[in-house]
Structure formats: C-alpha cells, structure tokens
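# Architecture and fold: a report
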Amino acid sequence: MTTTETIPPRPFGAVGSAIVTPLSEDGTRIDLDAAQRLAAHVVAHGNDMIVVSGTTGEAPTLSDREKLDLARAVREAVGPEVRMLAGVGTYDTAHSIELARAHAELPGVDLDGLLVVCPYYSKPSQAGLIAHVIAIAEATDLPLMLYDIPGRSAVEFTYETLVRLSEHEKVLAIKDAKANLHEATRVMAATGVAYYSGEDAMNLPWLSVGASGFVSVVGQVAGDLERELIDAVDRSDIVAARAAHRKLAPLVEAIMNHMPGAVSAKASLYLQGVLPHTAMRRPLLPADADQLRDLAAALDQSTGIPALDPSRRPA
C-alpha cells in the first residue's frame, strides 16, 4: 500500500522528460506547432514534468530567443498543471543569469524551476562552481534543479559542494547522470534535497535509494512504462517494478547507447508518428537507416506497439 511516508518529496513531479526540440525540415527554425503537439503527447503518456532546452533539446544550438519562444509554446500546450523547467545553464555565469531572468520574466509562462548544468568546457574549481550556482539562484525567484553530468561537463559536483549548495533555499533538486548511488544517499541523508535520475538505465536503482523520480530521455518515447515503474515502486511492488524495468531495457539500450540521445529520441518519436521528420542541427546528424531499423525493433520489443516502417523517407 502506498503511504506518504514511503514516497520521497517531489518538488518537480515524478516522471519527467527532457524533450527534443522539433525543427523545420532544413533545421533552421524551431517548429513550435510540432513542439506543442509533442508536449501534449508526452503529458498524455505518463509525464507530469517537462524540461525544455536541455541537452536532449539541442540547447547548445538554440538561440536565446528560440529558447524563450519554445518555453512559451510548450507552457501554452500543457497548461499550468504540468511541472515545467527550462535549461538555462551555460559555461558563462553572466549569460546563464541573463537566460534565467529572461525565462522568469516570460509573461504567462510561470515556470516551476530552472535546470542548471555544471559549467561545461571551462572546468571550474568547486569554489567557482558554487559561486556560479549561487549567482543564478539569486538572480530570480525560481527554484533550481542542478544537473550533475561529468561525462559532458568534465567537472562533477562533489559531495561537499552538493551539501553546501543544498543549504541554499532555491536549490531543491539534483538531476544525476553520474550514478554514484552511495554519494547521493549521503547527500539525501545530510540535506533532504530531492534527487532525480538522469540516466534511464539507472531509474529503478535510483528509486530504490530514495530518488524522487526521473528527468528522462526515454520518457518522451515510453512514458507510460516509466509511469508504470514508478507507480509500482510507490506501492512497494518490487515484482511489478522489475517487470517494467525489464520491458524498458531494450529501448533504453537502443536510445541511450548507440547515438546521442537527442538523435535517437527524435528518431523514435518520428517512428511513432509523433514527429514529421528527424531533422537535427549540426554537429548532430539524423539517425541513419540502420539506426532507424534498430530503434524500430526496440520500440516494438519494449512497448508492443509496432513502429512505423523505418524505411519510409522522412517527410
């Protein structure tokens, strides 16, 4: 039986997806209509949180104006009930502050929070990282979810840094993609900060140590299964949770381990008929024919719903 005592705090919901950014066929502009359809689809399939302008959304290639337009369009599509965060972290503190303020001031959008990644490429010290996050936190009234992904940023949030930052009233959650469950357990015990799995293969292990939910790539493709997984954990049904985890495994493998997640998620959504094509912005290229076939097979195996013919030419 589910009780409030068994469920960890969820300041940003439970099942979240860092959604792709649909583009025009030539990749030169955002397709805002397709973004709204995608957002509505994601919410209809188990998600109660959406992150725009994350890595999966090709954020490094989006202009500030595009990011703001995207946030406005997605909020319009999903309404105020769905938790919504926008990625504003960059390797430049001043630019990150500008993005944070611009998103916070968007009329009628009312974001629930901001996603702030560890500054990439610059390789700051931990003191510099703390100063970066606090400066962004104090620039707006919006709470933060920190994104710890040293595989992309080269620098991690250390245990001491996470404890220090969790003392700030605006830092409510951490999206973790380094899978150090022991460190996270210590941080949660010391601070009460909420953790969200940022690595789909680790979703069940994360829940087992007290994570609040997911910020997923696969969730926009198989959100119903991710909802099935977390609901099973909430009611302490480990057998059902394992079953959902195993159903997801072929799709997680296909999406996360053979091409960038932005490429595979967009291709999967195309194969599901959610997106009209697979256009990417360089340096990313669309999935090729072999990748589409592999993704189609994984979709069929995990969801039981046959994908569209992967040999058809994208519109």
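Shown above is the structure to which this text applies.
The following refers to the structure shown.

The rules we used
- Residues numbered from 1 in each chain as written.
- Predicted model: local features only at pLDDT ≥ 70, side-chain atom pairs only at ≥ 80, totals over all residues.
- Heavy atoms only, no water.
- Pairing = 2+ DSSP bridges.
- Helix = DSSP H or I, 4+ residues; strand = E, 2+ residues; numbered from the N terminus.
- Axes fitted to C-alpha atoms, helices over the stretch in contact; angles between N-to-C directions.
- Buried < 20%, exposed > 50% of the residue type's maximum accessible area, 1.4 Å probe, protein only.
- Arc of directions from axis to C-beta.
- Contact = heavy atoms within 4.5 Å.
- Right-handed = clockwise from strand over helix to strand, strands pointing away.

## Focus on the sheet that holds strand β5 (residues 144–148)
The strand order β1-β2-β3-β4-β5-β6-β7-β8 describes a closed barrel built from eight strands, whose pairing is parallel. Across the sheet, the mean angle from the axis of one strand to that of its neighbour is 25°, orientation sign disregarded. Bridge count between strand β1 (residues 15–18) and strand β2 (residues 49–52): three bridges; the pairing is parallel. The residue bridging S17 from the neighbouring strand is I50, located in β2.

## Section: helix α7 (residues 181–191)
Along α7, the residues classified as buried are E183, A184, V187 and M188. Around the axis of α7, the buried residues are gathered within 135° of arc, so they sit on the same side. The exposed residues of α7 that point more than 90 degrees off its buried face are H182 and A189. Where the residues of α7 are buried, they touch α6 (159–166), β6 (171–176), β7 (194–197) and α8 (203–208). Looking at the residues trailing α7, positive phi occurs at G192, about 80°.

## Here we look at the pairing of strand β3 (residues 83–87)
Most of β3 is tucked away, with four of its five residues classed as buried. With respect to chirality, the unit in which β2 leads through helix α2 (residues 64–78) into the neighbouring parallel β3 is right-handed. In this structure, β3 lies alongside strand β4 (residues 113–117), joined through three bridges in parallel fashion. By the bridge assignment, L85 is partnered in β4 with G113. Viewed along the sheet, the connection from β3 through helix α3 (residues 93–104) into β4 turns out right-handed.

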